[in-house]
Amino acid sequence: LRHLSCVRASKNITSRHSNNRGRGKRKSLSSPGGSSMKAPPASRYLENVVVETTPSSASQLEIMTRQEKLSNDPDAGTKEAGSMIKNLVCLGFFLMLGPSLIMVNKYILHDIGFKYPITHTCFTTLFCSVGIWISVHVFGIKLSHAPIVTWRFYIRNIMPIGFFQGATIVLGMTSYLYLTVSFVQMLKASTPVMIVVFLRLFQIEFPTSEILVSVLIISTGVVMSSYGEINFSIIGVLIMLCGQVAEALRLVFTQKLLKNLKFTVVESLCFITPAASMWVFIIALVVEFPRMDADTLKLVRDNAHWFILAGFLALGVNIINSVVIKFTGSLMMKLLATARNASLVLFNVIFMGEAVMAVQFCGYTISLGGFLLYNYFRLKKE
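Conventions we followed
Residues numbered from 1 in each chain as written. Predicted model: local features only at pLDDT ≥ 70, side-chain atom pairs only at ≥ 80, totals over all residues. Heavy atoms only, no water. Helix = DSSP H or I, 4+ residues; strand = E, 2+ residues; numbered from the N terminus. Buried < 20%, exposed > 50% of the residue type's maximum accessible area, 1.4 Å probe, protein only. Contact = heavy atoms within 4.5 Å. Core = buried A, V, L, I, M, F, W, Y, C linked by side-chain atoms within 4.5 Å. pLDDT = per-residue confidence, 0-100. Expected span 1.5 Å × (residues − 1). Salt bridge = Lys/Arg side-chain N within 4 Å of Asp/Glu carboxyl O. Axes fitted to C-alpha atoms, helices over the stretch in contact; angles between N-to-C directions. Parallel < 35°, antiparallel > 145°, perpendicular 65-115°, else oblique. Nonpolar A, V, L, I, M, F, W, Y, C, P; charged D, E, K, R; others polar.

**Re the environment of Val215**
- Positionally, Val215 belongs in helix α9 (residues 209-227).
- In this structure Val215 comes out as buried when scored by relative accessible area, which is 10%.
- Expressed as a C-alpha distance, the spacing of Val215 and Gly370, which sit 155 residues apart in the sequence, is 6.6 Å.
- Excluding anything up to four places from it in sequence, Val215 contacts Pro192, Val193, Val196 and Tyr374.

Right, here's the structure in full:
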């Protein structure tokens, strides 16, 4: 701000000298020898210029600088408005696609009666893998870490992460067979608890007292939410908690195996999602494929449009996540995802008729507060 103020002072001094010169009011300065001496340039005055910037003057200076930018570039206002509209559109897609995918998966597994969540997960992950690789080749997206990912590196470092990612998706999708959408979103708030526990067990990271307090708050909220659940299913809760454990292990193994290798979201989709698809396919081949019959194939054929829609929504969720991270950062995306989950709970209560007790709302609110504190303390620690 001081530099900008000095530049502005220089412009004012230069303008004042030019005006005096134009009006003929500037007089020549005579030296002792009688020779005339020119006035020093405006930059000389800057040596003794001291500009004090208060908060109000700083904000005024920022506004004036922005006005100068708009005056120098007539299209700057249009570009700024276009960028804002683009960000709002991305935010709208982010808030809409995730809940839509959850509701479509719930409809396929529960309402249509396709009781094969592992097979459905295999289809959506394969759809995402193929779609993202086609996008990489069509749009020429550069994968900067591709030379590092050899077959040996892939098997030793990425395949374990793919296993836990596939387990997270499968267990999360299976939980919808036993629990309501609202209750599943409430249980998802317990993920930081699992992450802290496993980071400590693997001696990767030692939590501070502040993080432990936030984890305790989250745990209290989750217990309250579970206590108030009307359609409580111990099988569904155990499946969901196992899914949260798998998600925590995925994050821990990502930090331990990849170390300082920071994959972008697109690179994670290209390298880790195919590994998850392979693990899910192997499990489905052993567990679910033998139980399928002609009626199952007929069910899939009659409702093929729902399965295709689920595939496109899954691909869209992964793509929009990468775009949102690029524009806002990973922490802001976590906060937006938390707000999205909370809005999904309200949507299912108001429009889908899911019963939620007051004690659950209180517990979920406490969990969200603990989640926000957890992210704040993590950011502060970093």
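Having seen the structure, we can now continue with the description.
**Notes on the nonpolar core**
- Residues Val149, Tyr154, Ile158, Leu179, Leu187, Phe271 and Tyr374 are the most contacted members of the largest nonpolar core, which totals 51 residues.
- Apart from the residues within four sequence positions on either side, Leu187 is in contact with Leu179, Val222, Ser226, Val237, Met240 and Gln244.
- Leu101, Leu109, Ala310 and Leu313 belong to the second largest nonpolar core, which has 22 residues in total.

**Side note on the confidence of the model for the protein**
- Mean pLDDT over the protein stands at 76; residues scoring 70 or higher make up 75%.
- Averaged over each element, pLDDT in the protein is lowest for strand β1 (residues 29-30) (42) and highest for helix α12 (residues 294-302) (91).

**A closer look at helix α5 (residues 117-139)**
- With 23 residues, α5 should cover 33 Å at 1.5 Å per step; its first-to-last C-alpha distance of 32 Å lies within 8% of that length.
- Directly after α5, the chain includes Gly140, whose backbone phi takes a positive value near 65°.

**Let's talk about the pattern of salt bridges**
- A full pass over the atoms with the stated rule returns two salt bridges.
- We note a salt bridge from Lys298 to Asp302, for which the minimum N-O separation is 2.9 Å. Of this pair, Lys298 and Asp302 both sit in helix α12, four residues apart, roughly one helical turn.
- For Lys298, a relative accessible area of 44% puts it in the partly exposed group.

**Considerations on the packing of helix α8 (residues 191-201) against helix α15 (residues 358-381)**
- Two elements in contact, α8 and α15, have axes whose closest approach is 11 Å; the angle formed by their N-to-C orientations is 40°. By the angle class used here, α8 and α15 are oblique. Across from Pro192, Ile195, Val196 and Leu199 in α8, the residues of α15 making contact are Phe371, Tyr374 and Arg378.
- For the contact of α8 with α15, the class distribution of residues is six nonpolar, no polar and one charged.

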